[in-house]
Every structure is written in C-alpha cells, then in structure tokens.
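Single-letter residue listing:
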Amino acid sequence: MSTLEDVRKTVEGVIGNLTPAKAQEVAKGFSDPGAAKEQVAKVAAELIEWSQRNRDRMKEFVGREIASQMRSVGVATQSDLDAVKRRVRDLERRAGMTASGRKIASKKSPVKKTAAKKTSASSPKSASAAS
C-alpha cells in the first residue's frame, strides 16, 4: 500500500466512521510486513479510539462554530426562547391573563347577571309607544 493511500484511509477514518475491518486494513498498511496479528490488532484498536475522539472533537468544533455564526446574525437560541416564554408567563400571571389573552375569572365574588325585563308586544305601554 502506498503512503498516500495510507494517509487517505487514515483521514477517512478520522472524518467518517472507522469500522473495525477498515481499521485492520489501515493498521496493516502502517505496520511492518511481518508484524504479528496482535500488534496489528492493537494498532487497529488505537486507530478506532483515535478516530472516535477526533470525530467528537470535530462535532464540538462545528457546533461551536455554528452557534457563533448564528449569534453573529442575531438568531435566537433555544435558551433565549425559553427565557422569553418564562417571562411572558410571569407577566400574564401578574396581569391575571391566560395564555390566550383572556382575563382570568376572579375567585372573590362571582358577578351575577340580572335578567333583562321582557316586554311583550301586546302590553299597553308598548302599544301606546308604537302609535
């Protein structure tokens, strides 16, 4: 295996998901031609561990960079939105409002509605008012 091919496979292992079979293949390429199977297996295991650590680091780096770019253009984060929701709920409670904007009924004394007086068309007052 050429050195360039070894480097390419190693970089693919860092970026992608390095399978045990692929790690064995890369380890054989880096090891001496007469290396024992145990030595190749050890190198393959180290490559898998190294690959996982580097993928984790890459994810963290990309996540931080995306968050930084989002902040620079003014996009609100989930924690920003959660804080606004808490504040709105608190203000609604203080104002005695529900989430839909309706007033919360007071528990002190219920307001009684008085029945409207009915006037019939045959009553003398309504007949004289109509003429």
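Residues numbered from 1 in each chain as written. Predicted model: local features only at pLDDT ≥ 70, side-chain atom pairs only at ≥ 80, totals over all residues. Heavy atoms only, no water.

Enquirer: For the overall build of the protein chain, give the residues involved together with the corresponding values.
Expert: Broken down by element type, the protein chain carries 5 helices and 0 strands. Mapped in sequence order, the helices and strands of the protein chain form the string α-α-α-α-α. With 131 residues in all, the protein chain has 13% of them scored as buried. Look at the contacts in the protein chain between residues 6 or more apart in sequence, and 43% of them connect residues 24 or more apart. Summed over all atoms, the accessible surface of the protein chain reaches about 11,100 Å², with 59% contributed by carbon and sulfur. (Helix = DSSP H or I, 4+ residues; strand = E, 2+ residues; numbered from the N terminus. Buried < 20%, exposed > 50% of the residue type's maximum accessible area, 1.4 Å probe, protein only. Contact = heavy atoms within 4.5 Å. Areas by Shrake-Rupley, 256 points an atom, 1.4 Å probe, with all protein chains shown as cover.)

Enquirer: So, the pattern of salt bridges: which residues are in play, and what are the values?
Expert: Counted under the stated rule, the structure contains 2 salt bridges. Ionic pairing is found between D90 and R94, a salt bridge with its closest N-O pair at 2.8 Å. With a gap of 4 residues between them, D90 and R94 both fall in helix 4 (residues 78-95), about one helical turn apart. Residue D90 is classed as partly exposed on the basis of its relative accessible area of 28%. (Salt bridge = Lys/Arg side-chain N within 4 Å of Asp/Glu carboxyl O.)

Enquirer: How would you explain a nonpolar patch on the surface if you had to name every residue and give the values?
Expert: A contiguous nonpolar patch, built from M58, F61, V62, I66, M70, V73 and V75 and spanning about 630 Å² of accessible area, is present on the exposed surface. Mapped onto the secondary structure, V73 falls in the loop between helix 3 (37-72) and helix 4. Using a relative accessible area of 62% as the deciding quantity, one classes V73 as exposed. (Patch = residues over 30% accessible without salt bridge, like charges linked within 9 Å, V, L, I, M, F, W, Y side chains within 5 Å.)

Enquirer: Give a detailed account of a positive patch on the surface, specifying residues and quantitative values.
Expert: Residues K85, R86, R89 and R93 make up a contiguous surface patch of positive charge. You can see R86 is positioned in helix 4. (Lys, Arg positive; Asp, Glu negative; His and termini not counted. Charge placed at Lys NZ, Arg CZ, Asp CG, Glu CD.)

Enquirer: Which residues make up the nonpolar core, and what values go with them?
Expert: As a rule of thumb, nonpolar side chains are buried together in soluble globular proteins. Counting residues in each nonpolar core, the largest one holds 7 residues, listed as L18, A23, V26, A27, V40, A44 and L47. Contributions of two or more residues to this core are made by helix 2 (20-30) and helix 3. In this view, V40 contacts Q24, A27, K28, S31 and A35; residues no more than four positions away in its chain are not counted. (Core = buried A, V, L, I, M, F, W, Y, C linked by side-chain atoms within 4.5 Å.)

Enquirer: Lay out the packing of helix 2 against helix 3 in plain terms, naming residues and giving numbers.
Expert: Two elements in contact, helix 2 and helix 3, have axes separated by 8 Å at closest approach and are oriented at 120°. When the axis of helix 2 is compared with that of helix 3, the two are oblique. Considering the relative orientation of helix 2 and helix 3, their crossing is right-handed. Here P20, A23, Q24, V26, A27 and K28 of helix 2 come into contact with helix 3, specifically with V40, A41, V43, A44, L47 and I48. In terms of residue class, the contact of helix 2 with helix 3 is made up of 10 nonpolar, 1 polar and 1 charged. (Axes fitted to C-alpha atoms, helices over the stretch in contact; angles between N-to-C directions. Parallel < 35°, antiparallel > 145°, perpendicular 65-115°, else oblique. Left-handed = near helix turned anticlockwise from the far one by under 90°. Nonpolar A, V, L, I, M, F, W, Y, C, P; charged D, E, K, R; others polar.)

Keep in mind these numbers describe shape, not what the thing actually does.
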